[in-house]
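Listed below, chain by chain, are the residues.
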Amino acid sequence: MRRLLHREGRRIITTSALIAVVAAVAAVRFLPLWLSIAIVVLVLLKVLFVCRFFRVPVRSVPADYDGDPYAVLAPADGTIVAIEEVYEDEILSEKRIQVSIFMSIWNIHINWYPVSGLVEYFRHHQGRFLVAWHPKSSTDNERTTTVVRTTLGHRILFRQIAGFVARRIVSYSHDGLEANRGRECGFIKFGSRVDVFLPLGSEIHVALGDKTVGMRTMIARMPEVAPKAE
């Protein structure tokens, strides 16, 4: 049976619904009719917004990419806000092409694995809550770091990054997990960002300002020559 709402939203949705019921009953009982109607409408809109935020889309990996071992798919819905060469110093210790996707509160906030392979590194880091598009949010904010080694030998690193509003990162990754491209890897509650660190020589298929659809938009193709095993 298909899920309509994500499990990460159950508590928030239930709490919002209870608050809405209490507020509506109190408004109808103690306030003038016009004001009680306005309050009921507002609390109902809030509940609908929360339900919309935690909706689960019907998606699958496109057939064109499903058989392409070099394709890197978008791990999130959002907007491309950065494409740049950086030095990744947490685990890879080498130059990479960083592609950053910003998720607004209107986007679906499920995250998906961009590639298939073995999770060889996972860490959750406590940190600050700068706005998600701030240059230092990638290193200073609360975040997770996941590295997947593909069957071709490429190591793809991606980070879930909390933002000013988003203060709850959920990841389902752990060391040794078999990752499948298009499988859920986590959830970030309310506005946030995901960074993907690609090998130099990757063919980038997106540009700044492009909109991405998680598990459907190809953001890059990895080089066909895999790096030497470490």
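Along each chain, the written sequence defines residue order, and numbers are assigned to residues from 1. This being a predicted model, a pLDDT of at least 70 is required before a residue's local features are given, and a value of 80 or more before pairs of side-chain atoms are given or counted; all residues contribute to the totals for chains, interfaces and linings. Based on all heavy atoms of the structure, the side-chain values leave hydrogens and waters out of the count.

A.B. asks: Got a minute to help me understand the pattern of salt bridges in this structure?
C.D. replies: Close approach of charged atoms allows side chains of opposite charge to pair. Salt bridge criterion: a side-chain nitrogen from Lys or Arg within 4 Å of a carboxyl oxygen from Asp or Glu. On inspection of all chains with the given rule, the structure shows 10 salt bridges. Ionic pairing is found between Glu 120 and Arg 155, a salt bridge with its closest N-O pair at 2.5 Å. Taken as a pair, Glu 120 in strand β5 (residues 117-125) and Arg 155 in strand β7 (residues 155-162) lie far apart in primary sequence, 35 residues in all. The classification of residues rests on relative accessible area computed with a 1.4 Å probe and restricted to protein chains. Under 20% of the type maximum is buried, over 50% is exposed, and intermediate values are partly exposed. You can call Arg 155 buried: its relative accessible area is 9%. A cluster of three or more residues bridged by salt bridges with shared partners is formed by Glu 88, Glu 90 and Arg 159. Per the convention used, a helix needs a DSSP run of H or I reaching at least four residues, while a strand needs a run of E reaching at least two, with both numbered from the N terminus.

A.B. asks: Explain the pairing of strand β6 (residues 143-149) here, please?
C.D. replies: Where a strand is regular, its side chains alternate between the two sheet faces. With six of its seven residues buried, β6 lies for the most part within the structure. As paired strands, β5 and β6 are joined by seven bridges and run antiparallel to one another. Each residue of the ladder has a partner; that of Tyr 121, found in β6, is Val 147. Any two strands are treated as partners once DSSP identifies two or more bridges connecting them. Where β6 and β7 come together, seven bridges link them in antiparallel fashion. Counterpart to Arg 143 in the pairing with β7 is Ile 161. If you look at the hairpin formed by β6 and β7, you'll find five residues sitting between the two strands, and Gly 153 has a positive phi there, around 100 degrees.

A.B. asks: What is the right way to look at the sheet that holds strand β4 (residues 110-112) in this model?
C.D. replies: In space, the three strands of this open sheet follow the order β4-β10-β8, with antiparallel pairing throughout. Here the strands that pair on one side only, and so sit at the sheet edges, are β4 and β8 (169-171). Mean inter-strand twist for the sheet, computed between neighbouring axes without regard to direction, equals 20 degrees. Strand direction decides the pairing type here: β4 and strand β10 (residues 184-188), joined by three bridges, are antiparallel. Directly across from Ile 110, in β10, lies its bridge partner Phe 187. Structural elements are reduced to axes, namely lines fitted to C-alpha atoms, with helices fitted over the stretch in contact, and the angle between N-to-C directions of any two is expressed from 0 to 180 degrees.

A.B. asks: Please clarify how helix α2 (residues 33-53) should be interpreted in this entry.
C.D. replies: Along an α-helix, residues three or four positions apart point the same way, because every turn accommodates 3.6 residues. Here the expected length of a helix is defined as 1.5 Å per residue gap, with one fewer gap than residues. Taking 1.5 Å per residue, 21 residues should reach 30 Å; α2 reaches 30 Å between its end C-alpha atoms and fits that length. Where the residues of α2 are buried, they touch α1 (10-30) and β10. It only takes one pair of heavy atoms within 4.5 Å for two residues to be counted as in contact.

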